[in-house]
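# Geometric and topological summary
As a plain string of letters, each chain reads:
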Amino acid sequence: MDLSFQLYSARDFTPWDQVVAKLAELGYTQVEGFGGVYEDPAAFRALLDRHGLTMPSGHFFPIGNFEDGLAGSLATAKTLGMNRIFCPAPEDKWRDGTDAATWISLARRLEEAGKKVNDAGFRFGWHNHHWEFMPLADGSIAMDLILEHAPSIDWEMDVAWVVRGGADPLKWIADHKGRITTAHVKDIAPEGQNADEDGWADVGHGTMDWKAIMAALRGAGVDLFVAEHDKPSDVNRFASRSIDSIRNL
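Here the structure is a predicted model, which is why all the values come from computation and not from measurement.

Here the focus is the pattern of salt bridges. Scanning all chains against the criterion turns up 15 salt bridges. Between Arg 45 and Asp 49 there is a salt bridge, with the nearest N and O atoms lying 3.2 Å from each other. Placement of the pair is Arg 45 and Asp 49 together in helix α2 (residues 41-50), with a separation of four residues, close to one helical turn. Using a relative accessible area of 30% as the deciding quantity, one classes Arg 45 as partly exposed. Residue Asp 49 is classed as partly exposed on the basis of its relative accessible area, which comes to 46%. A salt bridge links Arg 84 to Asp 223; its shortest N-O distance comes to 2.9 Å. In this pair, Arg 84 sits in strand β4 (residues 84-87) while Asp 223 sits in the loop between α8 (210-219) and β10 (224-227), placing the two residues 139 residues apart along the sequence. Assessed through its relative accessible area of 9%, Arg 84 is described here as buried. Beyond isolated ion pairs, a larger network of salt bridges with shared partners links Asp 158, Lys 186, Glu 228 and Asp 230.

An order of β1-β2-β3-β4-β5-β6-β7-β10 is seen for the eight strands of this closed barrel, with the pairing classed as parallel. Between one strand axis and the next, the sheet turns through 30° on average, direction left out of account. Judged from the three bridges that link them, strand β1 (residues 4-6) and strand β2 (residues 30-33) form a sheet pairing that is parallel. Opposite Gln 6, over in β2, you have Glu 32 as the bridge partner.

It is worth spelling out helix α3 (residues 70-80) at this point. All of the buried residues along α3 are Leu 70, Ser 73, Leu 74, Thr 76, Ala 77 and Leu 80. For α3, the angular spread of the buried residues around the axis is 160°, confining them to a single face. Exposed positions of α3 whose direction lies more than 90 degrees from the buried face are Ala 71 and Lys 78. The elements touched by buried residues of α3 are α2, β3 (54-59), β4 and α4 (100-119). Two residues or fewer after α3 comes Gly 81, characterised by a positive phi angle close to 85°.

Core analysis: the biggest nonpolar cluster contains 80 residues, and Phe 5, Leu 7, Phe 44, Ile 85, Leu 110, Trp 172 and Leu 217 have the highest contact counts within it. With eight residues, the top contributor of residues to this core is α4. Sequence-distant contacts of Ile 85, that is, excluding residues within four places in its chain, are made with Gly 58, Phe 60, Phe 66, Leu 74, Ala 77, Val 117, Phe 122, Arg 123, Phe 124 and Gly 125.

Reading the values: rules and limits
Residues numbered from 1 in each chain as written. Predicted model: local features only at pLDDT ≥ 70, side-chain atom pairs only at ≥ 80, totals over all residues. Heavy atoms only, no water. Salt bridge = Lys/Arg side-chain N within 4 Å of Asp/Glu carboxyl O. Helix = DSSP H or I, 4+ residues; strand = E, 2+ residues; numbered from the N terminus. Buried < 20%, exposed > 50% of the residue type's maximum accessible area, 1.4 Å probe, protein only. Pairing = 2+ DSSP bridges. Axes fitted to C-alpha atoms, helices over the stretch in contact; angles between N-to-C directions. Arc of directions from axis to C-beta. Contact = heavy atoms within 4.5 Å. Core = buried A, V, L, I, M, F, W, Y, C linked by side-chain atoms within 4.5 Å.

Structure representation (structure tokens):
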């Protein structure tokens with residue numbers, strides 16, 4: 001299985017030419033973009049091409065990148081060769097303590113944005129964190145609201161953030177087959193460990209049951225898997241151990 005690599009994981013370990021060269025050396029063939037690599041899309045595309053990597057997916061934040069900033073986002077995505085793009089997080093006002101009406105408003109904006117992105121020839125979806133699974137004041141779950149009120153968009157499931165939000169990823173995968181097209185492969189360290197890395201772990205070296213999760217995701221139709229670590233202390237260690245773990249599943 002080809003494993004993509006979310007370049008956000010390497011944001012503190014640039015220059016990018018060294019990062020991309022190392023990823024290619026380790027056997028990665030794909031990367032996922034984020035805002036930190038979009039300053040000169042043509043130059044970054046040339047860097048990927050030199051090392052035989054592609055960028056099938058990318059994150060654009062905030063949602064305004066799919067509204068007033070849509071033309072620029074689509075041009076960047078096209079130059080870098082993406083075929084699916086995601087809004088990766090809510091802005092601050094949609095995070096802790098937000099009510100259901102605010103999430104519904106966000107979902108409706110995502111639905112409208114998604115239609116325009118689809119019309120331009122790209123898939124479009126939402127990437128979750130933990131906020132979406134923490135009950136709101138009325139007991140509703142933001143991820144349910146997004147899926148209901150943005151019925152046409154895809155979901156890039158960040159499985160570890162589902163767990164950190166207190167939810168069961170296997171149940172969410174089973175309940176939403178067909179909506180989840182892409183998944184972030186990330187691991188959670190045992191409680192009390194890796195405090196300097198915000199409690200995250202290299203894939204296969206934490207508490208996530210990736211064998212069962214990967215089987216469920218594949219069964220649900222997911223066809224793009226992206227390794228990520230939000231705060232690695234050593235990106236080469238993370239990239240190397242993670243691709244080895246996935247290969248050995």
